[in-house]
Amino acid sequence: MATVPKRARDMDDTTPRHVVGHGRGNAGRARIDVPELIYMPATGPLMPLVESYYLYRYDAKVIDGVERVDTGQIRFMLKGEGEMTFSSGHREASLPVMVNGPGAAAARYRVAGPFHCFGVSLRPIGWRSLIQIPANRVSETALDADSIFDNEATPLLAPLRNAQSLEEMVAIVEPMLLRHRHRVPEAHLALCRAVREWGASEALGVEALYAMVPMSQRQATRLCNEYFGGPPKLLERKFRAIRAAMRIYQGAPPAVAAAPFFDQSHMIHEVKHFTGHTPTSLREAIDPVLASTLDNETFHILPEVFPESVDPGGS
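Residues numbered from 1 in each chain as written. Predicted model: local features only at pLDDT ≥ 70, side-chain atom pairs only at ≥ 80, totals over all residues. Heavy atoms only, no water.

K.L.:
Account for the pairing of strand β2 (residues 36-41), with residues named and values stated.
P.N.:
Burial of β2 is extensive: six of the six residues sit out of reach of the surface. Neither face of β2 is left uncovered, since the one carrying Glu 36, Ile 38 and Met 40 and the one carrying Leu 37, Tyr 39 and Pro 41 both have all their residues buried. Bridge count between β2 and strand β3 (residues 50-58): six bridges; the pairing is antiparallel. Across the sheet, Met 40 pairs through a bridge with Tyr 53, a residue of β3. (Buried < 20%, exposed > 50% of the residue type's maximum accessible area, 1.4 Å probe, protein only. Helix = DSSP H or I, 4+ residues; strand = E, 2+ residues; numbered from the N terminus. Pairing = 2+ DSSP bridges.)

Structure below.
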């Protein structure tokens, strides 16, 4: 299911942007014969928790796709239903409104169309603040959003389906998110800051991360599991593979992209594990929505300007 591109944060305004397709910048009723993704970055009090909002539309009869690893998602199925197949072979049917945790590997999806989906792409601290379930426990699960948001999610489907623009959809959903924020401890924010800096660096290595945080390795590992869906070693592999995939998609020779790996075969295996694509298919047969997530060199996972604290005044 569609994942919002990380480059949304690089925009200097909140005007919805088309990534693929030929829509009109709104949620109008014209048939969409090619995949279309419209997105906008989060702003205001939810910016530390939400990366972006997006609307994916494709009116094909059947949509098959691959979803690379990413942060958590809240998805409102406006049209269509289907299932996701995870790397373990486990399958999960779609729900009217569902929450998907940060993945440990690429997953495939198949939807009976037309397929329209409004989504909220969460930051790791947003996962903790809004969902409050350790991310590593639900990395291959579709959670019923009503069980998390006190039965407030499904009633939003009707107004979302009638909305005429992405801005209207955001305005419908944001009040629910604001009501369900919870305090994020400062020590946890420090860990997330460190992971962002570490993940964006070229010199990865779990020891480097542990040296950046004022806590034990055991505590740092536990918090990485809770916020990011896996221990530091898995995050190191994720970041390295996504960076290589970005470079290959943008034109770098595979041999150059393979420099941080043991060898080129190792790079190919890791890129396929985390993106669902080989270096060849990244260039020649990539899904256009997945391609849009590889347009930016940095694998953004936290805001550029990190708040001093995330204290919504809740519990």
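Resuming the write-up.
K.L.:
So what about the pattern of salt bridges? Which residues, and what values?
P.N.:
One pass over the full model with this rule turns up 10 salt bridges. One salt bridge in this structure joins Arg 179 and Glu 152, with 2.7 Å as the shortest N-O distance. With Arg 179 in helix α4 (residues 166-179) and Glu 152 in the loop between α2 (145-148) and α3 (157-162), this pair connects stretches of sequence that are 27 residues apart. By relative accessible area, Arg 179 is classed as exposed at 55%. You can call Glu 152 partly exposed: its relative accessible area is 23%. Ionic pairing is found between Glu 186 and Arg 193, a salt bridge with its closest N-O pair at 3.0 Å. Beyond isolated ion pairs, a larger network of salt bridges with shared partners links Arg 128, Arg 222 and Glu 226. (Salt bridge = Lys/Arg side-chain N within 4 Å of Asp/Glu carboxyl O.)

K.L.:
Report on the side chain of Asn 100, specifying residues and quantitative values.
P.N.:
Relative to the helices and strands, Asn 100 is located in strand β7 (residues 97-100). Among the residues examined, Asn 100 registers a relative accessible area of 5% and is labelled buried. A distance of 2.8 Å separates the side chain of Asn 100 from the side chain of Arg 75, its partner in a polar contact. (Polar contact = N/O pair within 3.5 Å; in protein donor to acceptor, adjacent residues only side chain to side chain.)

K.L.:
Could you give an account of the packing of helix α5 (residues 186-200) against helix α8 (residues 232-249), naming the residues involved and the relevant values?
P.N.:
Put simply, α5 and α8 touch, their axes get as near as 10 Å, and they point 40° apart. Judged by the angle between their axes, α5 and α8 are oblique. Judged by the sense of rotation from one axis to the other, the crossing of α5 with α8 is right-handed. Contact with α5, carried on its side by Val 195, Trp 198, Gly 199 and Ala 200, involves Pro 232, Leu 235, Glu 236, Phe 239 and Arg 243 of α8 and no other residues of that element. Here the residues of the contact of α5 with α8 sort into six nonpolar, one polar and two charged. (Axes fitted to C-alpha atoms, helices over the stretch in contact; angles between N-to-C directions. Parallel < 35°, antiparallel > 145°, perpendicular 65-115°, else oblique. Left-handed = near helix turned anticlockwise from the far one by under 90°. Contact = heavy atoms within 4.5 Å. Nonpolar A, V, L, I, M, F, W, Y, C, P; charged D, E, K, R; others polar.)

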